[in-house]
Amino acid sequence: LAWTTSDVGRELTEGGSKLVAPEHTIAGDNAFCENETMATPIPGRSVSLEEDAYNFYLSQIRITIERAFGILVHRWGILRRPLSMSILKVPALVMCLLRLHNFCIDHDSRHTAGPDLRDE
């Protein structure tokens, strides 16, 4: 219910979304409805070998994304509270924070809070 009533959910399910680049998808879990922009696991216990592999790799992708976002949240406090901006600006913000994060690592910056990610 939350997904279908949210601005993001409506934007992604109504088609023609500017949030997802053409030929790309969002990795979701079972709480989301699969559509052209959302890849979700195949439900059930009696799935084929190919479907099980799909579910495994989708799970691995989601875990990697969640870990990366956790690192960003730890480093950049703006992500610890609700964003007060248009949802269409969020991808640019995340890309900016990713680039700043990489800049800090490349220049051995200790100015921002966060783990030393060169060991990961």
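Provided above is the structure to which this section pertains.
Bear in mind the structure is a predicted one, so any value in this text is a computation, not a measurement.

Reading the values: rules and limits
- Residues numbered from 1 in each chain as written.
- Predicted model: local features only at pLDDT ≥ 70, side-chain atom pairs only at ≥ 80, totals over all residues.
- Heavy atoms only, no water.
- Helix = DSSP H or I, 4+ residues; strand = E, 2+ residues; numbered from the N terminus.
- Buried < 20%, exposed > 50% of the residue type's maximum accessible area, 1.4 Å probe, protein only.
- 1 Å grid on protein atoms, 1.4 Å probe; cavity = no way out; pocket = protein on both sides within 12 Å on 5 of 7 lines; lining within 4 Å.
- Points joined across faces, edges and corners; volume = space filled by probe spheres on them.
- Nonpolar A, V, L, I, M, F, W, Y, C, P; charged D, E, K, R; others polar.
- Salt bridge = Lys/Arg side-chain N within 4 Å of Asp/Glu carboxyl O.
- Core = buried A, V, L, I, M, F, W, Y, C linked by side-chain atoms within 4.5 Å.
- Contact = heavy atoms within 4.5 Å.
- Patch = residues over 30% accessible without salt bridge, like charges linked within 9 Å, V, L, I, M, F, W, Y side chains within 5 Å.
- Areas by Shrake-Rupley, 256 points an atom, 1.4 Å probe, with all protein chains shown as cover.

Among all residues except glycine, the phi angle is most often negative; among peptide bonds, the trans geometry is most common. Here the phi dihedral of glutamate 23 falls at roughly 65°; this positive angle occurs in a residue that is not glycine. Residue position: glutamate 23 is located in the loop between helix 2 (7-13) and strand 1 (26-27). Given the relative accessible area of 85%, glutamate 23 is considered exposed.

Taken as a whole, the largest pocket spans an internal volume of roughly 1,100 Å³. Looking at the largest pocket, it is lined by 27 residues, and the ones nearest its centre are Ile26, Ile65, Phe69, Val90 and Val94. Of all the elements in the fold, those that place two or more residues in the lining of the largest pocket are helix 2, strand 1, helix 3 (49-75) and helix 4 (90-106). Here the lining of the largest pocket is composed, by residue class, of 22 nonpolar, 3 polar and 2 charged.

Turning our eyes to something else, we now look at the pattern of salt bridges. Here the idea is simple: oppositely charged side chains can pair when their charged atoms come close. Tallying each qualifying case throughout the model produces 2 salt bridges. Residues aspartate 29 and arginine 62 are paired through a salt bridge, measuring 3.4 Å at the closest nitrogen-oxygen approach. Linking aspartate 29 in the loop between strand 1 and strand 2 (38-39) with arginine 62 in helix 3, this pair joins segments that are 33 residues apart in sequence. Residue classification places aspartate 29 among the partly exposed residues on the basis of a relative accessible area of 24%. Here the salt bridges share partners, and the residues they tie into one network are Asp29, Arg62 and Glu66.

A word on the nonpolar core. The biggest cluster of nonpolar side chains holds 6 residues, and these are Leu72, Trp76, Leu79, Leu93, Leu97 and Cys104. Residue contributions to this core peak at 3 residues, all from helix 4.

Let us now look at the side chain of asparagine 55. Within the secondary structure, asparagine 55 sits in helix 3. For asparagine 55, a relative accessible area of 16% corresponds to the buried category. When residues no more than four places from it in sequence are discounted, the contact partners of asparagine 55 are Pro41 and Ile42.

Before going further, it helps to spend a moment on the environment of leucine 98. As for its position among the elements, leucine 98 is in helix 4. Its relative accessible area of 32% is what places leucine 98 among the partly exposed residues. Along the chain, leucine 98 and tryptophan 76 lie 22 residues apart, while their C-alpha atoms are 10.0 Å from each other.

What follows is about a nonpolar patch on the surface. A grouping of Ile78, Leu83 and Met85 is seen on the molecular surface, where their side chains present a nonpolar patch of about 200 Å² in accessible area. For methionine 85, the location among the structural elements is in the loop between helix 3 and helix 4. Methionine 85 gets classed as partly exposed once you look at its relative accessible area, which sits at 33%.

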